[in-house]
Amino acid sequence: MTILHSTTWVKLLGLLPGELNPNEASWLVSPRHHMSLMSNRRAQMILNRVRLFASLFAVLTPLWMFVDLLVLPNPLAWQLALLRLGATGCFTFILYCYRPEVTLFNAWRGMAMLFSIPTLFYVVSYVLLTHYHLSGASAAVGTGYAFLPFILLAGFAIFPLTLLESVVFAAPILVAHVTAGYFQFTVVDWPSFWGAFWLQGLIAGVAALAGVCQLAFMIALVQQAVRDPLTGAFSRRSGEEVLELQFILAGRSGSPFSVAFIDIDHFKAINDQFGHQQGDVVLKQFAQTLTHGLRKGDVLVRWGGEEFLLLLPNIDCRQAMSALQRLRRNGLGQRPDQTPLTASIGVADMLEEGCNDWRQLIEIADQRMYMAKQQGRNRVVAGREPAATLQPALA
Ligand SMILES: Nc1nc2c(ncn2[C@@H]2O[C@H](COP(=O)(O)OP(=O)(O)OP(=O)(O)O)[C@@H](O)[C@H]2O)c(=O)[nH]1
């Protein structure tokens, strides 16, 4: 695993420093820790590629039928033609009827459906071909069927997949080849059956590498698009997307979802006394300090200027208060004159407030942040009552 955490990966993939953090290299191996925004965009991309692949196969599969009918003996040619028509019907079904909600699971299902059609086609066509002793032109056409697994494995190269996904999707095709060999369905005189298998493994490896490279570039692009360049926190636009997604998920599962509206105190004074550049440094350190203190799954958004939003899924106001207390106890950073940086924070929980729109939730948290300012700054307000105010924790 240490190699995954080194920058070697980044260098090997030809990425620029910062485009893919070393701790994000494990994202190339498995989709387990992908952020929801990434998974959503990847799911959309995979579904688009599934449709592209299905449309190509829907056109090419019936076209080859005419070659079969011209060259192959009957009834083999007709049996294969029927098989091709069936496969074309399945590809057309995926193209026009598979319009699911954009989730990674549905994208995987689309890929599984897409690749299972030619894999089955390959196995059945082989069973049919073994009953004939082909020679001349018909043997050449029959040999063409043996190339299908190679084409399928190469096809994975157009999908932005993790290493684990590539292995899972390529395995059935390799197993189909081994099964065909085991039952001696081979009609072609390969120099070596295992030689062909080795070649397939090689193609699968190259396709997996191509998929991982695509994924690396995709991660880098998504990071650039979703992050605020100064602080590394989510930008407001992507933050709104995450908010909407988390709000829907929390609503569906009936779990709490809290947001904290954070505004740095007297930030203008930093700019005025020490210059805008020093102000930028303080903003950057503030965001880094908060991010390091967060749990996995919590999201920091730069809402604008010196205002930040903290999205805290699965916790209510009370738990959010204690998380913020911990963050404030550890310190939010320092002003250029070495005095502690403080912030005024408003907290609201979707369940407690009965919000059915995330904008409403932000509005409430924003109002509470203003209450914190009015009450003297450097505090957290989580309700209208004074009891729900967390007093200054910093010296
Ligand atoms: N350096 C820097 N300053 C910024 C940036 N974005 C906004 N600001 C400044 O942040 C300051 C915010 O000032 P105010 O809204 O008056 O708030 P404040 O001084 O923090 O006072 P209170 O919020 O009332 O405690 C403004 O001077 C903005 O110019 C940025 O990206 N970098």
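None of the values given here were measured: they were computed from a predicted structure.

This part takes up the overall build of the protein chain. The secondary structure content of the protein chain amounts to 15 helices and six strands. Per-residue burial for the protein chain yields a buried fraction of 48% across its 395 residues. Sequence-distant contacts in the protein chain: of pairs separated by 6 or more residues, those separated by 24 or more amount to 72%. In the form shown here, the protein chain has an accessible surface area of approximately 19400 Å², with 63% of it arising from carbon and sulfur atoms.

Soluble globular proteins tend to bury their nonpolar side chains together. I46, M111, L114, F115, F156 and F159 are the most contacted members of the largest nonpolar core, which totals 44 residues. If we ignore the near neighbours within four places in the chain, the residues touching L114 are V50, F53, A54, F91, I94 and F159. Grouped together as the second largest cluster of nonpolar side chains are 34 residues, M35, V226, F234 and V299 included.

Below, the discussion takes up the confidence of the model for the protein chain. Per-chain confidence: the protein chain averages 86 in pLDDT, with 88% of residues scoring 70 or above. The secondary structure element of the protein chain with the lowest average pLDDT is strand β6 (residues 389-390), at 58, and the one with the highest is strand β1 (residues 257-264), at 96. Here residues 1-5 is modelled with pLDDT under 50, and outside its nearest four sequence neighbours on either side it reaches seven contacts, counting other chains as well. Reported for the predicted complex are a pTM of 0.67 and an ipTM of 0.95.

Here the focus is the layout of surface pockets. Considering only enclosed or pocket space, the largest pocket measures out at about 1500 Å³ in volume. Lining the largest pocket are 45 residues, with E24, W27, R227, F234 and T291 sitting closest to its centre. Secondary-structure elements contributing two or more residues to the lining of the largest pocket are α2 (36-63), α9 (193-226), α10 (236-253), α12 (276-292) and β2 (299-304). In terms of residue count, α10 provides more of the lining of the largest pocket than any other element does, five residues in total. Empty space within the second largest pocket amounts to approximately 440 Å³. When contributions to the lining of the second largest pocket are tallied by element, the ones reaching two or more residues are α2, α4 (76-97), α5 (104-129), α6 (136-144) and α7 (148-155).

Bringing empty space enclosed by the protein into the picture now. With the rule as written, the count across this model stands at two cavities of 30 Å³ or more. Estimated volume of the second largest cavity: approximately 30 Å³. For the second largest cavity, the full set of lining residues is I262, F286, L290, L324, L327, L332 and I345. Mapped by element, the contributors of at least two residues to the lining of the second largest cavity are α12 and α13 (317-330). Per-class residue counts for the lining of the second largest cavity are seven nonpolar, no polar and no charged.

The feature "transmembrane region" (unreviewed entry), as given by UniProt, occupies residues 50-71, 77-98, 110-129, 135-159, 166-185 and 197-222 in the numbering adopted here. The distance separating the terminal C-alpha atoms of residues 50-71 is 32 Å; by composition the span is 95% helix and 0% strand. Helix and strand shares over residues 135-159 are 68% and 0% respectively, and the end C-alpha atoms of the span are 38 Å apart.

A few words on the site of the ligand. Around the ligand sit 16 residues in total, of which F267, K268, D280, R302 and R377 are the nearest. Residue E306 places a side-chain N or O atom 3.2 Å away from an oxygen atom belonging to the ligand. For the ligand, whose accessible area on its own is 670 Å², the fraction buried by protein is 68%. Put simply, the parts of the chain that give the shell around the ligand at least two residues each are β1, α11 (267-274) and α12. For the shell around the ligand, the element with the highest residue contribution is α12, accounting for four residues. Across the shell around the ligand, the residue classes tally to three nonpolar, five polar and eight charged.

As a packed pair, α2 and α10 sit with axes 10 Å apart at the nearest point and diverge in direction by 90°. Here α10 runs roughly perpendicular to α2, going by the angle between their axes. Counting all contacts with α2, which are made through S36, L37, N40 and R41, the residues of α10 involved are S238, E241, V242 and L245. Its residues assigned to classes, the contact of α2 with α10 comprises three nonpolar, three polar and two charged.

This brings us to the packing of α2 against α4. Pairs of packed helices are described in terms of their axes, by the angle between the two and the distance that separates them. It is the contact of α2 with α4, at a shortest axis distance of 8 Å, that shows an interaxial angle of 155°. By the angle class used here, α2 and α4 are roughly antiparallel. Between α2 and α4 lies a crossing whose hand is left-handed. Of α4, the residues touching α2 (which contributes V50, R51, A54, S55, F57, A58, T61 and P62) are R84, A87, T88, F91, T92, I94 and L95. Considering only residue class, the contact of α2 with α4 consists of nine nonpolar, four polar and two charged.

Right, let's talk about the pairing of β2 for a bit. Taking burial as the measure, the six residues of β2 include five buried ones, the bulk of the element. By the bridge criterion, five bridges tie β2 to strand β3 (residues 307-313) in an arrangement that is antiparallel. For V299, the partnering residue across the bridge sits in β3 and is L311.

Conventions we followed
Residues numbered from 1 in each chain as written. Predicted model: local features only at pLDDT ≥ 70, side-chain atom pairs only at ≥ 80, totals over all residues. Heavy atoms only, no water. Helix = DSSP H or I, 4+ residues; strand = E, 2+ residues; numbered from the N terminus. Buried < 20%, exposed > 50% of the residue type's maximum accessible area, 1.4 Å probe, protein only. Contact = heavy atoms within 4.5 Å. Areas by Shrake-Rupley, 256 points an atom, 1.4 Å probe, with all protein chains shown as cover. Core = buried A, V, L, I, M, F, W, Y, C linked by side-chain atoms within 4.5 Å. pLDDT = per-residue confidence, 0-100. 1 Å grid on protein atoms, 1.4 Å probe; cavity = no way out; pocket = protein on both sides within 12 Å on 5 of 7 lines; lining within 4 Å. Points joined across faces, edges and corners; volume = space filled by probe spheres on them. Nonpolar A, V, L, I, M, F, W, Y, C, P; charged D, E, K, R; others polar. UniProt positions renumbered as here; feature names shortened; annotations may be inferred. Near = heavy atom within 4 Å. Polar contact = N/O pair within 3.5 Å; in protein donor to acceptor, adjacent residues only side chain to side chain. Axes fitted to C-alpha atoms, helices over the stretch in contact; angles between N-to-C directions. Parallel < 35°, antiparallel > 145°, perpendicular 65-115°, else oblique. Left-handed = near helix turned anticlockwise from the far one by under 90°. Pairing = 2+ DSSP bridges.

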